[in-house]
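Descriptive analysis of the structure
Listed below, chain by chain, are the residues.
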Amino acid sequence: MGAGNRVEHTEVDNRVENTTVGGDVFQAGRDLTINNHPAPSPEPDRRPVRVGAVPPLASAFQPREELREAIDRARERHTTVVLTQVLSGGGGVGKSQLAAHYADRAHAEGVDVLVWVNAAETSQIIAAYAEAARAVGEGAVGEQDAETDARVFLKWLAVTDRSWLVVLDDLTDLEGAAPWWPRPPAGANGRVLATTRRRDALVTGAGRARVDIGTYNRAEALRYLEDRLTTADAGHLLDDHAEDLVETLGLLPLALAHAAAYMINEDADCSAYLDLFTNRASRLTALLPPGADTDNYGRQVTASLLLALDAAERREPVGLATPAVRLAAHLDPAGHPDTLWTTEAVTDYLTTHRRTTGAPDPAPVTAGQARAVLRLLHQYALLTHDPRDHHRAVRLHALTARAARETTPSTQIPATVRTAADALLETWPEHEHTARDLTAVLRANTDTLTDHADDHLWHPDAHPVLFTAGNSLLHAGLLHTAVTHWQHLTADAERILGDDHPDTLIARGNLASAYWQAGRTGEAIVLEERVTADRERLLGDDHPNTLIARGNLAASYWQAGRTDEAIVLLERVAADRERILGPDHPDTLLARGNLASAYWRAGRTGEAIVIEERVTADRERLLGDDHPDTLTSRNNLATCYWRAGRTGEAIVLLERVAADRERILGPDHPDTLTARGNLAASYWQAGRTDEAIVLLERVAADRERILGPDHPNTLTARATLAASYWQAGRTDEAIVLEERVAADRERILGPDHPNTLLARGNLATSYQRAGRTDEAIVLEEQVLASCERLLGDDHPNTLTARGNLATSYWQAGRTDEAVDLLRSVAED
């Protein structure tokens, strides 16, 4: 209750995405003879026609039943309309393999005319059609050019009664290919199947149905790897890391084919290959080399993944596709918000790095153009942009991202990395509690960026997004993850900037804060003593950051039970701030408030009230009645009144604070919820238990909804509600909640966190009241042993634990043990 345990311990530095077949009427010519007897019409040549080379199926081709069913369903829906199916997808997902499978099936079923066209360029389509015209006996070799023959073939397709299938593979120039789409009329027995990376409106125009082709699913990927290795007599290379390997390769058929060939060639098992692949020093050209293209994909992986990039570069907005892909490649493959692309950081970057067409001074890129390039990259399947995915609207396959990073010129990497960091910072919400999902996505993207950034986020100083992400973890109650983040950040700062750099000191201080919140008080004190000494040495005794360091060290002393040392430090900080900054400076008022909190926690309630009344009056005078700091002072003053037994005055203040915070900050702000919780505690003390319970049930539900079920503040709300149930005699309900809180705190905070010990102690007390004395004793003995080990024999919490255990011994009839413990508690 009250000011919050760590009022000043927030050293944040705020720089801190089938084919069927149809025709119409067969036009047969009639040969005239000079005989007087009628001559029969010659039979047309009905032999099967095959034009173009259908690619062989991969060694361990996966039929992908779900996709085949989707293609067949699309065919069935369009049997009476003009139909062209387009299998669209990014590089390496197996579009051509699926098309080849359908072509093989059509051949096996006896289709009359099968034409496979490598359709990357319109000239290739024309040439293939001209060859097909001659093959079906309609071309006029030597008399007409290829384009005329191609048109003849298209007309023949529309009227023939023969069955046919035309496959347009790797169709890139949809605009140029528009006149060359076969258009079988309804009821015809011919079909077109096309593969393309394009996903824009042209793909589905003129009655074409689109079937999106993605990567393998996990089962297909594992089956491919197993089939491929087993067929090559290399089944021994499969090990427990096969699942990890297929996931790391992004379930991409192209990558799996190259990786399997590499493993066979080098006799490397899944574990060994995974280690090589995740080594940041390894390159795709080495791990997925052209020589491993045993399934005849025809391209090295990097080239295949980025194949459409040159075409996208030439489309409007011209010159933005390449820098945009390189920027997205440094963010989380699972997705980032598309609002990031409207930030000033991104538009400035695109302006600087766009490929111009000779213009000496290109116009600045607008937010609209930045979004347009997202749509362009989506159309060419270089990334997926789906605003329906909200905060993960923009996704880039991990291997496409890696290919883009590895082909980015080294001179452009620093600016790309810092732009991504700047854009994340611009996108970060001011109030995280109102945008919890967005904040989690931004933290994940910051982690990915940090992994790919080398040291580019540390020049000339540490980038503020590193500090913002770390403090966000603390605000979200993800304490163990926060500790890991700050440990890495501190180590990087020491290595790159040196021990005495200001950013290094900030990182150490925040690591100490993370230790403190995680209950690792001893480690926090060691660091904070070092930070305090370093700041005194480097900045002087009176520097504001030195005073902050002393205040934080005092808070850790307090948590460790070193009350007198904590108060000495806080008295010094308050006096120094008043001397240096003046009595009315906000930092001076903050220091006095922290000192008052220390006094009331030490039982010096009268002194605390005097200070808090002064601080409250000063803040009302200087900041106004509605300033957040004024409301905090009133809350803290109410806490002092509450501690002094002046419950009526405390309730009046707390009702005012709760109403003001709800009016100013909104009903869901964390400070509003804290105010409600404190008011409930005062109701509880005043014997207004039913009102307290109603408020606490609301606070617990609101905190779970806003902060999540595992946030430390949510657990605290549940614990307080349980205490109210206990006081109201609803012991069984209290026990249910306390068992949950104890288990959750042990899981989330760890078995040695002070709040975990407190939860176990409260549960033991409820067991005791419910007559479950033996269970209470087991818990209390555990709590006492932990307190003695972690806090020392003389810590107040240790003394409380001894007293509770003594009470349970007494209730269990173990009188001598109870007396011994009680004597020890009394003496201490």
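Residues numbered from 1 in each chain as written. Predicted model: local features only at pLDDT ≥ 70, side-chain atom pairs only at ≥ 80, totals over all residues. Heavy atoms only, no water.

1. What to know about the overall build of the protein chain
Worth spelling out the cut-off: Secondary structure follows DSSP: runs of H or I at least 4 residues long count as helices, runs of E at least 2 residues long count as strands, and numbering of each begins at the N terminus. Think of it in three bands: residues with accessible area under 20% of the maximum for their type are buried, residues over 50% are exposed, and the middle band is partly exposed, with areas taken using a 1.4 Å probe on protein chains only. Note on areas: these come from Shrake-Rupley sampling with a 1.4 Å probe, and a residue is covered only by the protein chains present in the view.
A count of helices and strands for the protein chain gives 36 helices and 8 strands. A buried classification covers 52% of the 828 residues belonging to the protein chain. When the accessible area of the protein chain is evaluated, it comes to approximately 35,300 Å², of which 50% is carbon and sulfur surface.

2. Topic: the layout of surface pockets
Note the cut-off: Here a cavity denotes a set of grid points, spaced 1 Å apart and computed over the protein atoms alone, in which a 1.4 Å probe fits but from which it cannot get out, and a pocket denotes an open set meeting protein on both sides within 12 Å along at least five of seven lines; residues with an atom within 4 Å of a point are reported as lining. Grid points are joined across faces, edges and corners, and a volume is the space filled by probe spheres set on the points. Residue classes follow a fixed rule: Ala, Val, Leu, Ile, Met, Phe, Trp, Tyr, Cys and Pro count as nonpolar, while Asp, Glu, Lys and Arg count as charged, and any other residue, Gly among them, counts as polar.
A volume near 740 Å³ is recorded for the second largest pocket. Lining the second largest pocket are 23 residues; nearest its centre among them are R280, R402, R405, D451 and H452. Breaking the lining of the second largest pocket down by element, the ones donating at least two residues are α7 (242-248), α9 (270-278), α16 (398-406) and α18 (436-452). Residue composition of the lining of the second largest pocket, grouped by class: 6 nonpolar, 9 polar and 8 charged.

3. Some points on the packing of aromatic side chains
The test is simple: Between the rings of Phe, Tyr and Trp (Trp by its six-membered ring), a pair exists once the centres lie within 6.5 Å; its type follows the angle of the planes, with under 30 degrees stacked, over 60 edge-to-face, and the other angles tilted.
Across all of its chains, the model carries 7 aromatic pairs by this definition. One aromatic cluster is present, built from ring pairs that chain together Y129, F153, W156 and W180.

4. Side note on helix α24 (residues 563-581)
Inclusion rule: Each helix should span, by expectation, one fewer than its residue count multiplied by 1.5 Å.
With 19 residues, α24 extends 26 Å from end C-alpha to end C-alpha; this agrees with the ideal 27 Å at 1.5 Å per step. Buried within α24 we find T563, A566, I567, L569, L570, V573, A574, D576 and R577. Two residues or fewer past α24, G582 is found with a positive phi of approximately 100°.

5. Some details on the environment of V113
Put simply, the test is: Contacts are residue-level and defined by heavy atoms, with any inter-residue pair within 4.5 Å sufficient.
One can find V113 in strand β3 (residues 113-118). Ignoring anything within four residues of it in the chain, the contact list for V113 reads V49, R50, V136, W156, S163, W164 and L165.

6. A short note on the pattern of salt bridges
Convention followed: A carboxyl oxygen of Asp or Glu within 4 Å of a side-chain nitrogen of Lys or Arg is what we treat as a salt bridge.
Across all of its chains, the model carries 67 salt bridges by this definition. Taking the shortest distance from any N to any O, the salt bridge between D626 and R663 comes out at 3.0 Å. Pair noted here: D626 is in the loop between α26 (605-623) and α27 (628-643) and R663 is in helix α28 (residues 647-665), with a separation of 37 residues, a long-range link. With a closest N to O distance of 3.7 Å, D744 and R740 form a salt bridge. Of this pair, D744 and R740 both sit in helix α32 (residues 731-749), 4 residues apart, which is roughly one turn of that helix. Because the salt bridges share partners, they merge into one network encompassing E494, D499, D500, R508, R530, D534 and R537.

7. Some thoughts on unusual backbone geometry
Following E316, the chain continues into P317 via a peptide bond in cis, with omega recorded as -5°. Looking at where P317 falls in the secondary structure, it is placed in the loop between α12 (309-313) and α13 (321-328). The linkage connecting H459 with the following residue, P460, adopts the cis geometry, with an omega of 0°. Relative to the helices and strands, P460 resides in the loop between α18 and α19 (464-475). Look at D233: it is not a glycine, yet its phi comes out positive at around 60°. You can see D233 is positioned in the loop between α6 (218-231) and α7. Backbone geometry at H390 places phi at a positive 55°, although glycine is not the residue there. Positionally, H390 belongs in the loop between β7 (384-385) and β8 (394-395).

8. Quick word on the environment of A818
Tracing the sequence through the fold places A818 in helix α36 (residues 815-827). On the accessibility criterion, A818 (0% relative accessible area) is buried. Separated by 15 residues in the primary sequence, A818 and G803 have C-alpha atoms spaced 8.7 Å apart. Residues in contact with A818, not counting those within four places in the same chain, are A806, Y809 and W810.

9. Here we look at the packing of helix α23 (residues 544-559) against α24
Definition in use: Orientation is described by lines fitted to C-alpha atoms, with helices fitted over the stretch in contact, and by angles between N-to-C directions that extend from 0 to 180 degrees. Roughly parallel refers to an angle under 35 degrees, roughly antiparallel to one over 145, roughly perpendicular to one between 65 and 115, and oblique to any angle outside these ranges. The crossing is said to be left-handed when, going from far helix to near helix, the turn is anticlockwise and less than a right angle, and right-handed when the turn is clockwise.
Orientation of α23 relative to α24, taken along the N-to-C sense of each, is 160°, at an axis distance of 8 Å. Judged by the angle between their axes, α23 and α24 are roughly antiparallel. The element α23 and its partner α24 pack so that their crossing is left-handed. For the pair α23 and α24, contact is made by P544, L547, I548, R550, G551, L553, A554, Y557 and W558 and by T563, E565, A566, I567, L569, L570, R572, V573, D576, R577 and I580, respectively. Partitioning the contact of α23 with α24 into residue classes produces 13 nonpolar, 2 polar and 5 charged.

10. Overview of the environment of W156
Its location among the elements puts W156 in helix α4 (residues 146-159). Along the chain, W156 and V136 lie 20 residues apart, while their C-alpha atoms are 8.9 Å from each other. Contact partners of W156, with chain neighbours within four places excluded, come to V113, V136, E138 and R162.

11. Remarks on a negative patch on the surface
To keep things clear, this is the line we draw: Only residues whose relative accessible area exceeds 30% and that form no salt bridge are eligible for patches; like-charged ones are grouped when within 9 Å, while nonpolar side chains (Val, Leu, Ile, Met, Phe, Trp, Tyr) are grouped when within 5 Å. Residues scored as charged are limited to Lys and Arg (positive) and Asp and Glu (negative), so that His and the chain ends carry no count. For charged residues, the charge sits on one atom: NZ in Lys, CZ in Arg, CG in Asp, CD in Glu.
On the surface, E344, D348, D422 and E426 cluster together to form a negatively charged patch. Going through the elements one at a time, α14 (344-353) and α17 (413-427) are the ones with two or more residues in the negative patch. Mapped onto the fold, E344 is located in helix α14. According to the relative accessible area criterion, E344 is exposed, its value standing at 53%.

12. Here's the deal with the pairing of strand β5 (residues 190-196)
Put simply, the rule reads: Whether two strands pair depends on DSSP finding at least two bridges between them.
By the criterion of burial, β5 is predominantly enclosed, with 7 of the 7 residues buried. Of the two faces of β5, the one holding G190, V192, A194 and T196 and the one holding R191, L193 and T195 are both buried throughout. Note that strand β4 (residues 164-169) and β5 share 5 bridges and pair parallel. Within β5, the residue paired with L165 across the bridge is R191.

13. Let's talk about the packing of helix α20 (residues 479-496) against helix α21 (residues 502-517)
The contact between α20 and α21 brings their axes to 9 Å, and the two run at 160°. Comparing the axis directions of α20 and α21 gives the class roughly antiparallel. The element α20 and its partner α21 pack so that their crossing is left-handed. On α21, the residues that touch L479, A482, V483, W486, Q487, T490, A493 and E494 of α20 are T504, A507, R508, N510, L511, A514, Y515 and Q517. A class-by-class count of the residues in the contact of α20 with α21 yields 9 nonpolar, 5 polar and 2 charged.

14. Concerning helix α25 (residues 586-601)
When the terminal C-alpha atoms of α25 are compared, their 23 Å separation across 16 residues agrees well with the 22 Å that a helix rising 1.5 Å per residue should span. Of all the 16 residues making up α25, 12 are buried; the element is thus mostly covered by neighbouring parts of the structure. Taken residue by residue, α25 has T588, L589, A591, R592, G593, N594, L595, A596, S597, A598, Y599 and W600 as its buried positions. Next to the buried residues of α25 lie α23, α24, α26 and α27. Residue G603 follows α25 closely and has a positive phi angle near 90°.

15. A word on the confidence of the model for the protein chain
Quick note on the threshold: As a per-residue measure, pLDDT reflects the predictor's confidence and takes values from 0 up to 100.
When the pLDDT values of the protein chain are averaged, the result is 85; 88% of them are 70 or greater. Of all helices and strands in the protein chain, the one with the weakest mean pLDDT is strand β2 (residues 84-88) (57), whereas α17 scores best (97). The low-confidence segment residues 1-43 (pLDDT under 50) makes 131 contacts with residues lying over four places distant or belonging to another chain. This model gives residues 78-84 a pLDDT under 50, and the stretch forms 23 contacts once residues within four places in sequence are excluded.

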